[in-house]
Amino acid sequence: MSILRAAIGMPYEHPLDTIKTVMQSHQKTDMSFTDAVQLIYRNRGIKGFYAGFIPNFTRIVLKTAYRLPMMLELPLMITRFSNQLFDKKISSTASKTITGVVIAGFEVLIITPMERLKVWLMTKDSSVKNIRYFFRHSHQLFRGLELVFWKQNVSWVTFLGTDEFMKNFIRKERHLANTDMLPFWELFSVSLTVGLINTLFVMPLDFLKTRIQKDGSQDGQKVRELTVLAKSLYKEHGAQLFYSGWKVRMVHYMLQSMLTMKLYDMLETSYRVVNSSS
């Protein structure tokens, strides 16, 4: 299923990811969507929009393989553990939030090398022809690890926590049981809200990660001084710089959601039914 998910989504998701990454990494701070598209096409042609496709495809396949099982099972495990340890049931939103932290910590070592390689391929000098150059001249496959860790924590907590809170709110308003699936358009509204909140908090970290992981980055020397780097960029360019490409990310997020949100809700609801009857 993870390979199928990547095969269906990546042909249209990856070009958006490339455009966002170029907008974040370029020295021109007011680069528009059109500017980024023209730059990529002028330098590399159509194939430029698919730079970094293999590591990104691999990242999606690996993430999908472990994420769905962990997203379904961990909240139930955390709830059971809380009942045994504290003799008190925690809310589903709290268990989902803790689940996000656990998944983020688990996956950081898996996805950081793929993220680093993907960003490097998307931003590398067009004169560099193959990936062997990267491994011959760079030994920093885990560059940006700290930022990926914090980015994934913020991303997972805002995603799972907000998603569960919104779904519980809708079910309560509509007098639905916890095992009832939500209609498509209500799931879409949840995804839109989650996407806006997720983008608001994740984009600054994603921007800094791209700046550190990009080809020829001098910022990589300042990984241990992330606060200094962020302050200097903020002082020079303002807060809007940290949201370069945010509209592209929102479109990317909504396309992902349309592909997965109904499947996730269906699997989660079915999983709850099975566990409640066992």
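Residues numbered from 1 in each chain as written. Predicted model: local features only at pLDDT ≥ 70, side-chain atom pairs only at ≥ 80, totals over all residues. Heavy atoms only, no water.

A. The environment of Leu-200, seen in detail. With respect to the helices and strands, Leu-200 occurs in helix α7 (residues 184–213). Sequence separation between Leu-200 and Gly-48 is 152 residues; the distance between their C-alpha atoms is 28 Å. (Helix = DSSP H or I, 4+ residues; strand = E, 2+ residues; numbered from the N terminus.)

B. A look at the confidence of the model for the protein. Overall, the prediction assigns the protein a mean pLDDT of 85, with 91% of residues at 70 or greater. Across residues 219–223, confidence stays below pLDDT 50; counting only partners more than four residues off in sequence or on other chains, it has eight contacts. (pLDDT = per-residue confidence, 0-100. Contact = heavy atoms within 4.5 Å.)

C. Inspection of the side chain of Gln-213 at higher detail. Topologically, Gln-213 is positioned in helix α7. A residue is classified by how much of its surface remains accessible, and Gln-213, at 0% relative accessible area, is buried. Side-chain polar atoms of Gln-213 contact the backbone oxygen of Arg-143, separated by 3.0 Å. (Buried < 20%, exposed > 50% of the residue type's maximum accessible area, 1.4 Å probe, protein only. Polar contact = N/O pair within 3.5 Å; in protein donor to acceptor, adjacent residues only side chain to side chain.)

D. How the structure looks around the nonpolar core. In terms of nonpolar packing, the biggest core is built from 14 residues, with Tyr-66, Met-70, Met-71, Ile-103, Trp-156, Leu-160 and Tyr-264 touching the most fellow members. Mapped onto this core, the elements with two or more residues apiece are α3 (53–86), α4 (92–123) and α6 (145–174). Here the element with the most residues in this core is α3; it accounts for six residues. Sequence-distant contacts of Leu-160, that is, excluding residues within four places in its chain, are made with Met-71, Lys-96, Thr-99, Gly-100 and Tyr-264. (Core = buried A, V, L, I, M, F, W, Y, C linked by side-chain atoms within 4.5 Å.)

E. Local environment of the packing of aromatic side chains. Per the counting criterion, the structure on display carries nine aromatic pairs. Here the aromatic cluster, defined as three or more aromatic residues joined through ring pairs, consists of Tyr-50, Phe-53 and Phe-57. (Phe/Tyr/Trp six-rings, centres within 6.5 Å; stacked < 30°, edge-to-face > 60°.)

F. Expanded view of the side chain of Asn-56. Residue position: Asn-56 is located in helix α3. The buried category is assigned to Asn-56, whose relative accessible area is 2%. Leave out the neighbours within four places in its chain, and Asn-56 touches Met-10, His-14, Asp-17 and Lys-118.

G. Structural context of α7. Helix length check: α7 (30 residues) gives 37 Å between terminal C-alpha atoms against 44 Å at 1.5 Å per residue, more than 12% under. Roughly 45 degrees is the biggest bend found in α7, and it falls at Val-202, with proline Pro-204 one to four residues downstream. (Expected span 1.5 Å × (residues − 1). Bend = angle between axes of the 7 residues up to and from the residue.)

H. Structural detail: the pattern of salt bridges. The final tally for this structure, using the stated rule, is eleven salt bridges. Two residues, Glu-115 and Lys-118, come together in a salt bridge whose shortest N-O distance is 3.4 Å. Within this pair, Glu-115 and its partner Lys-118 are both found in helix α4, separated by three residues, close to a single helical turn. For Glu-115, a relative accessible area of 4% corresponds to the buried category. Among the salt bridges present, the one from Asp-163 reaches Lys-167, with a minimum N-O distance of 3.2 Å. Here Asp-163 pairs with Lys-167, and both are found in helix α6, just four residues apart, close to one helical turn. (Salt bridge = Lys/Arg side-chain N within 4 Å of Asp/Glu carboxyl O.)

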